[in-house]
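# Residue-level structural notes
What follows is the residue order along each chain.
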Amino acid sequence: MAACAVLFFPPPPHNPSLSSSNSLLFSLPVAIGGAASRRTPRLRSRVKSLSVQASARVLDALIFDCDGVILESEHLHRRAYNDAFSHFNVRCPSSGSSQPLNWDVDFYDDLQNRIGGGKPKMRWYFMERGWPTSTIFENPPKGEADRSKLIDTLQDWKSERYQQIIQSGNVEPRPGVLRLMDEAKAAGKKLAVCSAATKSSVILTLEYLIGTDRFHGLNCFLAGDDVKEKKPDPSIYIAAAKRLGVSERNCLVVEDGVIGLQAATSAGMSCVITYTSSTANQDFKEALAKYPDLSDVRLKDLELLLQGGNIFMK
């Protein structure tokens, strides 16, 4: 007489299309011989197939970072910051220099890969190196209100300067970005942009580089002003999933650096990396894939990636 073995499979992450029961329970006949034993491999294969299908992710939404993904912009931001420091004659006592503050390439690459958002960058720097003198405050600000005013004034001027640089006509989107956006939209996928940068700056950048039609066709757009915490905090991506009306697990994020990668994965989203010269050597082991740019990446490639596996292309 055939014995009966009970196989228990833990429930997959929530999927509305699946049964609401707490587990999948299968009773498989395990016989020493006869027809029952011949059927067992096929039944086991069927159970394995059901388990794989239950855990598969479906690409419902494609979410892009802006700086570093839609355009390679870090050198432009550094230029705008240094122009702001020069304009307001910002000088840190610890620098020992008679010249305004100037962030060089190596320092800024390290800074922007560790701290997201313009205001947090400046606050961290001044907390570490000492609050500066400037034409805004003749003496280093000591109270929180004055320190916030200094940072806000510098950031506002820097943002305007950055917009002037973007509108100069010398900036283009990175390869493959516009085509991939159009593919996603044509396939009925939801499309979003989530950036840690100032909203006014991101809006101008997007309207200029991807065009007003694509910008207004986005299903969701969030900037640093829309959340309390900047990346690597996952708030911006969690908020995006809610606005899009999709599960975080069915979103795929395109980022350029480890800060954005950490934000995406902490939100429960999968992420692919399109790295820049300043982020190429970062640790992207948590990413599904790593690309030098998106010129050879198609939507179907990204859909397949959600089935699992890591791809690193040099």
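Since we're looking at a predicted model, the values are computed, not measured. (Residues numbered from 1 in each chain as written. Predicted model: local features only at pLDDT ≥ 70, side-chain atom pairs only at ≥ 80, totals over all residues. Heavy atoms only, no water.)

## Some details on helix α5 (residues 144-166)
In a regular helix each residue adds 1.5 Å, so 23 residues correspond to 33 Å; α5 covers 32 Å between its end C-alpha atoms and thus fits that length. Within the span of α5, buried status applies to Arg 147, Leu 150, Ile 151, Leu 154, Gln 155, Lys 158, Ser 159, Arg 161, Tyr 162, Gln 163, Ile 165 and Ile 166. Elements in contact with the buried residues of α5: α2 (74-87), α4 (118-129) and α7 (199-209). (Helix = DSSP H or I, 4+ residues; strand = E, 2+ residues; numbered from the N terminus. Expected span 1.5 Å × (residues − 1). Buried < 20%, exposed > 50% of the residue type's maximum accessible area, 1.4 Å probe, protein only. Contact = heavy atoms within 4.5 Å.)

## A short note on the pattern of salt bridges
In this structure the tally under the stated criterion is 11 salt bridges. As a salt-bridge pair, Glu 144 and Arg 123 come within 3.0 Å of each other at their nearest N and O atoms. Placement of the pair is Glu 144 in helix α5 and Arg 123 in helix α4, with a sequence separation of 21 residues. The class of Glu 144 is partly exposed, set by a relative accessible area of 45%. Here Arg 123 falls in the partly exposed class, since its relative accessible area comes to 27%. Between Asp 226 and Lys 199 there is a salt bridge whose closest N-O contact spans 2.8 Å. Of this pair, Asp 226 sits in the loop between β5 (220-222) and α9 (235-244) while Lys 199 is found in helix α7, placing the two residues 27 residues apart along the sequence. (Salt bridge = Lys/Arg side-chain N within 4 Å of Asp/Glu carboxyl O.)

## Considering the side chain of Gln 155
Position of Gln 155 relative to the elements: it lies in helix α5. Apart from the residues lying within four places of it in its own chain, the contact partners of Gln 155 are Tyr 81, Gly 118, Lys 119, Met 122 and Thr 198.

## A word on the packing of α4 against α5
Interhelical geometry of α4 versus α5 gives an angle of 130° and a closest axis separation of 10 Å. Judged by the inter-axis angle, α4 sits oblique to α5. Here α4 and α5 pass one another in a crossing that is right-handed. Across the interface between the two elements, Gly 118, Lys 119, Met 122, Arg 123, Phe 126 and Met 127 from α4 touch Glu 144, Arg 147, Ser 148, Leu 150, Ile 151, Asp 152, Leu 154 and Gln 155 from α5. Counted by class, the contact of α4 with α5 contains six nonpolar, three polar and five charged residues. (Axes fitted to C-alpha atoms, helices over the stretch in contact; angles between N-to-C directions. Parallel < 35°, antiparallel > 145°, perpendicular 65-115°, else oblique. Left-handed = near helix turned anticlockwise from the far one by under 90°. Nonpolar A, V, L, I, M, F, W, Y, C, P; charged D, E, K, R; others polar.)

## Here we look at the packing of aromatic side chains
Tallied over the full model, the rule gives 12 aromatic pairs. With centroids separated by 6.2 Å and ring planes inclined at 80°, the aromatic side chains of Phe 88 and Trp 157 adopt a geometry described as edge-to-face. With Phe 88 in the loop between α2 and α3 (105-112) and Trp 157 in helix α5, the pair connects residues that are 69 residues apart, well separated along the chain. A relative accessible area of 12% means that Phe 88 is categorised as buried. Here the aromatic rings of Trp 103 and Tyr 108 are separated by 6.0 Å at their centres, their planes lie at 25°, and the arrangement is stacked. There is no split in this pair, since Trp 103 and Tyr 108 are both buried. When the ring centre of Tyr 81 is taken as reference, the NZ or CZ atom of Lys 158 above it lies at 4.6 Å. Seen from the ring of Tyr 275, Lys 290 lies directly overhead, with NZ or CZ sitting 5.1 Å from the centre. (Phe/Tyr/Trp six-rings, centres within 6.5 Å; stacked < 30°, edge-to-face > 60°. Lys NZ or Arg CZ within 6 Å of the ring centre and 35° of its normal.)

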